[in-house]
Every structure is written in C-alpha cells, then in structure tokens.
Amino acid sequence: DTGVSQDPRHKITKRGQNVTFRCDPISEHNRLYWYRQTLGQGPEFLTYFQNEAQLEKSRLLSDRFSAERPKGSFSTLEIQRTEQGDSAMYLCASSFGWTDPSNEKLFFGSGTQLSVL
Amino acid sequence: SQQGEEDPQALSIQEGENATMNCSYKTSINNLQWYRQNSGRGLVHLILIRSNEREKHSGRLRVTLDTSKKSSSLLITASRAADTASYFCATDMDSNYQLIWGAGTKLIIKP
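Structure report, in brief. Residue positions are given per chain, counting from 1 as you read along its sequence in written order. Going through the entries in the order they are written, you letter the chains from A and number the ligands from 1. Local features in this predicted model are restricted to residues of pLDDT 70 or higher, and side-chain atom pairs are both shown and tallied only at a pLDDT of 80 or more, whereas totals for entire chains, interfaces and linings draw on every residue. The side-chain quantities take in all heavy atoms of the structure and omit both hydrogens and water.

1. Side note on the overall build of chain A
A run of DSSP states H or I qualifies as a helix once it reaches four residues; a run of E qualifies as a strand once it reaches two. Both are numbered from the N-terminal end. If you tally the helices and strands in chain A, you get zero helices and eleven strands. The N-to-C order of helical and strand elements in chain A reads β-β-β-β-β-β-β-β-β-β-β. We take the radius of gyration over the C-alpha atoms and set the globule estimate at 2.2 Å times the residue count to the 0.38 power. Taking 2.2 N^0.38 as the reference for a compact globule, 117 residues should give roughly 13 Å; the C-alpha atoms of chain A span a radius of gyration of 14 Å, in line with that estimate. Projecting the C-alpha coordinates of chain A onto the three principal axes gives extents of approximately 40 × 30 × 30 Å. The classification of residues rests on relative accessible area computed with a 1.4 Å probe and restricted to protein chains. Under 20% of the type maximum is buried, over 50% is exposed, and intermediate values are partly exposed. Residues classed as buried in chain A amount to 49% of the 117 residues present.

2. Observations regarding the interface of chain B and chain A
Interface size is commonly expressed as the accessible area that is lost once the parts come together. Residues count as neighbours in contact if any of their non-hydrogen atoms are within 4.5 Å of one another. Between chain B and chain A, the contact holds 22 residues from the first and 22 residues from the second. For the pair chain B and chain A, the summed buried surface comes to about 1,900 Å²; carbon and sulfur atoms form 50% of the total. For this analysis, a salt bridge means a side-chain nitrogen from Lys or Arg found within 4 Å of a carboxyl oxygen belonging to Asp or Glu. For the interface between chain B and chain A, the tally reads zero salt bridges. Polar contacts, as used here, are pairs of N or O atoms within 3.5 Å; protein pairs need one atom able to donate a hydrogen and one able to accept it. Residues neighboring in sequence count only if both atoms are side-chain atoms. At the boundary of chain B and chain A, one finds six residue pairs in polar contact (both at pLDDT 80 or more). Elements represented by at least two residues in the side of chain B that touches chain A include exactly β4 (31-37), β5 (43-50), β9 (85-92) and β10 (99-101) of chain B. Class assignment for the residues of the side of chain B that touches chain A results in eight nonpolar, eleven polar and three charged. Once two parts are brought into contact, the accessible area they lose, counted with a 1.4 Å probe and summed over both, makes up the buried area. For this classification, Asp, Glu, Lys and Arg are treated as charged, while Ala, Val, Leu, Ile, Met, Phe, Trp, Tyr, Cys and Pro are nonpolar and the rest, including Gly, are polar.

3. Description of the sheet that holds strand β8 (residues 71-76) of chain B
Residue and element names in this part refer to chain B. Pairs of strands are assigned from DSSP output, requiring at least two bridges between the strands. The strand order β1-β3-β8-β7-β6 describes an open sheet built from five strands, whose pairing is antiparallel. For this open sheet the edge positions go to β1 (5-7) and β6 (55-58), each flanked by a neighbour on one side alone. In this sheet, adjacent strand axes meet at a mean angle of 20° when their direction is disregarded. Pairing of β6 with strand β7 (residues 61-66) involves four bridges; the strand directions are antiparallel. Across the sheet, the residue bridging to E55 is T64, located in β7. Here the axes come from fitting lines to C-alpha atoms, over the contacting stretch only for helices, and the angles between their N-to-C directions go from 0 to 180 degrees.

Limitation: the analysis is restricted to geometry and does not speak to function.
Next up, the structure:
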C-alpha cells in the first residue's frame, strides 16, 4: 500500500470551467477528508466522509463544490464554474475510522494544485 | 476561521541547534496534533497529545500542552537539514469532526 493518492498533481484551468479531482485513500481506511490550503496558510476543512456517507460539509463551501465517495473507496471533488479564488492546493486525507475522529491521525496525499486563470 | 496560531511564523537556526515552536488555540479541545509539511507536499502526522496529557515524546520531538493557557509547544532537538519544513498544529473542537489548523511555522535549518 503506497498511501493516499491524488490525481492530478497539478491542474490549470480557465475561469468558468469545471474541474474534478480524485483521491484514493489507504484501502482499509473508512474516513476520508477534503481540505483546501492556500499559500502561507494552514489547511481549511471542506468535507468529510464515513464510508460512502458525507457526514459533514463546511459552511464555507459554496454550491459550486460537490464531493462524492460512491462505493466508500475513492472520492471525487468537483468544482463547477471555477473562479480565480478557487486557486489553491486541494488535499485529501484518510483515517481508520475505528475511534473518535478527534483521536485519529490523518494520512494526507500530496495534493492537487489548482490554478484558475 | 483558524483555531490555532503558531509562533513564530518563521524560524531559521543552525543544524544541531534545538527548535521550539508554539501554538495557541481559542476553545476547549480533546486533542492537539502536530504535522509537518515539506514544500508543495502533503502533511505528515508527527504527534498527538490528549487534553489530559502534559508532555509527550517521540524520538527527537517533545510536545507539551498547557490547557490552562490554551497553548502547546513543539521542540525539535539536535535539528537536521531534513527538518526544514513548515510545522502546523491542529486542534479538534468539542463534538466536531473537523481539525482546525493554524497558519504554521516555517522552519529553516542551515547546514
């Protein structure tokens, strides 16, 4: 097992286009998280899955953002009608899910760097 | 909004010296975690300290937690060039699945 995998590593798009990112968590992990990080800042929580159920979504997340984890394995994050302010690193993380989430360490992927021109 | 604030924002030291970074947070927590991030990469978990613990060690890392002051410190002893990275603290908020992160301390180890 090679850890959390994210694809693509980099994405350049024009404003108004839709983009989709993929995350493959560690296979035995039940929980999956999406975070967004801008330069010089810490990660910002976007959404969280327990198996295939999306249990929490940030209030800051606009309707243009949607995430799925259809079979409880990989997840996709889609951004519709991208804006320049969406430019950021999008990080996926996973964890085992056998205890309280606050007790668990997260395993992060290397992220997808999105640039909206 | 960010729960944690790291201090200093940047730290540059000579290889072999000790590095200390601090984190302050605002609300009560169950746990506090420290992560490392190399430039342009994902984050790597370093250590988790529970609210009922005061100090924890892992190799060259020592973490302290003072819940009365709502602060934590990360000490890296005998620093190496490979320790060059950004270090983040992350806290949970009571009954919340989110981790709330500070802006990080950028550590540079000069050879």
